[in-house]
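Per-entry structural report
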Amino acid sequence: MSPLAAAGPAFTQVWTAFTVDTAPTPGVAVVNLVGPGRGNMMGRAFWAELPQVFAALDADESVRAVVLTGAGNHFSTGLDVAEVLGGWLGKLGPGSVAQAAQRTELLGLIREMQAGITSVALCRKPVIAAVSGWCIGGGVDLISAADVRLASADAKFSVREARLAIVADVGSLQRLRGIIGEGALRELALTGKDITAERAGRIGLVNDMYPDAAALLEAALGMAGEIAANSPLAVAGTKAILNEDREEIVARGLRHVSLWNSAFLHSEDLLEAVAAMGERRPGVFMGH
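Because the structure is a prediction, the values reported are computed rather than measured. (Residues numbered from 1 in each chain as written. Predicted model: local features only at pLDDT ≥ 70, side-chain atom pairs only at ≥ 80, totals over all residues. Heavy atoms only, no water.)

With that settled, the discussion passes to the packing of helix H4 (residues 100-122) against helix H11 (residues 232-264). Helix-helix packing: each pair is described by the crossing angle between the helix axes and the interaxial distance. Relative to each other, H4 and H11 sit at 160°, their axes nearing to 10 Å. With respect to each other, H4 and H11 are oriented roughly antiparallel. The way H4 lies across H11 gives a crossing that is right-handed. (Axes fitted to C-alpha atoms, helices over the stretch in contact; angles between N-to-C directions. Helix = DSSP H or I, 4+ residues; strand = E, 2+ residues; numbered from the N terminus. Parallel < 35°, antiparallel > 145°, perpendicular 65-115°, else oblique. Left-handed = near helix turned anticlockwise from the far one by under 90°.)

Here it is in structure tokens:
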């Protein structure tokens, strides 16, 4: 067996929300998001498996670089709000009085999700995100933890949480500051607007744009191959040094926002946002 032949658990385990395959280039793993027919939405299986996938890739000596992409027409349409947060709407709703236990449990859930995204950032193997179609909310959190982001011309991005009465809490507010700068981050996060791949390139969210998904994947695999050809010790050390200051600052910000959302996530505005999503209409928010 070649020293770079993949045989670790990331490749042999059957995942629900992902597929993990080897690329033709030795040392390159391809991780596909494979949501249940809804634009690769991030449901419970995604959040449970994400840190497991990247822990396995981190430990696998056959892997030197990772390409992260989405199956089908979209990278990810973001958090499956109904599946992941639906139960909390009742636990913290009208009639609930003593809520410390419920809010502590919610805090734990938020921090588990944060740890999943952070597992991508801390994986010693560089991660290249290849984005086609929609990349919304949690999708932006995920690519913000990658080392490099590439996009096809049809890609669209949205830090959409404010439009859903949520404070983004799993990494985009913390990591994008160093990627796109303060002004662009505040514009995207406060408006919740959608931006094109061309605009994403201009603000530095993506390094390069390609005409279609096939050209995008070819470019991502090519870049991953360049990384895989280098000394794995030097590559891991370079990533660790680049992460040093950023991840310390990010960790502090994640602790703050997890406490904020465990206290303030539930609101009448959030209930209105969920109802509006179900009825396919804009939310009407009153600040309650």
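There is more to say after this.
Turning our attention to a nonpolar patch on the surface. Among the surface-exposed residues, Val167, Trp260 and Phe264 lie close enough to one another that they form a single nonpolar patch of about 310 Å² accessible area. Relative to the helices and strands, Val167 resides in the loop between strand S7 (156-158) and helix H6 (172-175). (Patch = residues over 30% accessible without salt bridge, like charges linked within 9 Å, V, L, I, M, F, W, Y side chains within 5 Å. Areas by Shrake-Rupley, 256 points an atom, 1.4 Å probe, with all protein chains shown as cover. Salt bridge = Lys/Arg side-chain N within 4 Å of Asp/Glu carboxyl O.)

Position of Asn32 among the secondary structure elements: in strand S2 (residues 28-33). What makes Asn32 buried here is its relative accessible area of 17%. Not counting the four nearest positions on each side in its chain, Asn32 is found in contact with Ala17, Phe18, Thr19, Thr69, Gly70 and Ala71. (Buried < 20%, exposed > 50% of the residue type's maximum accessible area, 1.4 Å probe, protein only. Contact = heavy atoms within 4.5 Å.)

What follows is about the nonpolar core. Within the largest apolar cluster, 61 residues are counted, with the highest numbers of intra-cluster contacts made by Phe54, Leu57, Leu142 and Phe157. Examining the composition of this core, we find that seven residues originate from one element, helix H2 (residues 44-59), more than from any other. Residue contacts for Leu57: discarding those within four places in its chain leaves Ala10, Phe11, Val20, Ala29, Val31, Val63, Val66 and Lys125. (Core = buried A, V, L, I, M, F, W, Y, C linked by side-chain atoms within 4.5 Å.)

Moving on, we get to the environment of Trp47. Among the secondary structure elements, Trp47 is positioned in helix H2. When its relative accessible area of 9% is taken as the criterion, Trp47 is described as buried. For the pair formed by Trp47 and Glu112, sequence separation is 65 residues and the distance between their alpha carbons is 7.9 Å. Ignoring any residue separated from it by four or fewer positions in sequence, one finds Trp47 in contact with Met42, Leu79, Val84, Met113, Ile117 and Val170. A polar contact is formed between the side chain of Trp47 and the backbone oxygen of Met42, at a distance of 3.2 Å. (Polar contact = N/O pair within 3.5 Å; in protein donor to acceptor, adjacent residues only side chain to side chain.)

Turning next to the environment of Asp58. Structurally, the position occupied by Asp58 is in helix H2. Taking the C-alpha atoms as reference, Asp58 lies 6.2 Å from Lys125; in sequence the two are 67 residues apart. Residue contacts for Asp58: discarding those within four places in its chain leaves Leu122, Cys123, Arg124 and Lys125.

Following both chains from N to C, one finds H2 and H4 inclined at 25°, their axes separated by 8 Å at the closest point. With respect to H4, the axis of H2 lies roughly parallel. Along this stretch, H2 crosses H4, giving a crossing that reads as left-handed. Side by side, H2 and H4 meet where Trp47, Leu50, Pro51, Phe54 and Asp58 of the first sit next to Met113, Gly116, Ile117, Ser119, Val120 and Leu122 of the second.

The sheet built from six strands is open, its strands ordered S1-S2-S3-S4-S6-S9 with mixed pairing. Where the open sheet ends on each side, the last strands, each with one partner, are strand S1 (18-22) and strand S9 (208-210). Neighbour-to-neighbour, the strand axes of the sheet open up by a mean angle of 20°, direction not taken into account. Against the sheet, helix H10 (residues 213-228) touches S2, strand S3 (65-70), strand S4 (127-131), strand S6 (148-152) and S9, its axis set at about 160° to S6. (Pairing = 2+ DSSP bridges.)

Moving on: H10. For an α-helix, the turn length of 3.6 residues means that residues three or four places apart are oriented alike. Between its first and last C-alpha, H10 extends 22 Å over 16 residues, near the 22 Å set by a 1.5 Å rise per residue. For H10, the secondary structure elements touched by its buried residues are S2, S3, S4, S6, S9 and H11. The opening residue of H10 is Asp212, an N-cap whose side-chain oxygen sits 3.3 Å from the backbone nitrogen of Ala214. (Expected span 1.5 Å × (residues − 1).)

Applying the stated rule across the entire model yields 13 salt bridges. Where Glu187 meets Arg199, a salt bridge forms, and the shortest distance between an N and an O atom there is 3.0 Å. Placement of Glu187 in helix H8 (residues 182-191) and of Arg199 in helix H9 (residues 197-202) is noted, with a sequence separation of twelve residues between them. Under the relative-accessibility criterion, Glu187 is labelled partly exposed at 27%. Put simply, Glu272 and Arg281 hold a salt bridge, and the shortest N to O gap is 2.7 Å. Through salt bridges with shared partners, one network takes in Arg160, Arg163 and Asp194.

For H2, built from 16 residues, the straight-helix expectation of 22 Å at 1.5 Å per residue is met to within 8% by its first-to-last C-alpha distance of 24 Å. Residue Leu50 marks the point of greatest curvature in H2, where the axis turns by about 30°; the proline Pro51 follows within four residues. If you check which residues of H2 are buried, you get Phe46, Trp47, Glu49, Leu50, Val53, Phe54, Ala56, Leu57 and Asp58. (Bend = angle between axes of the 7 residues up to and from the residue.)

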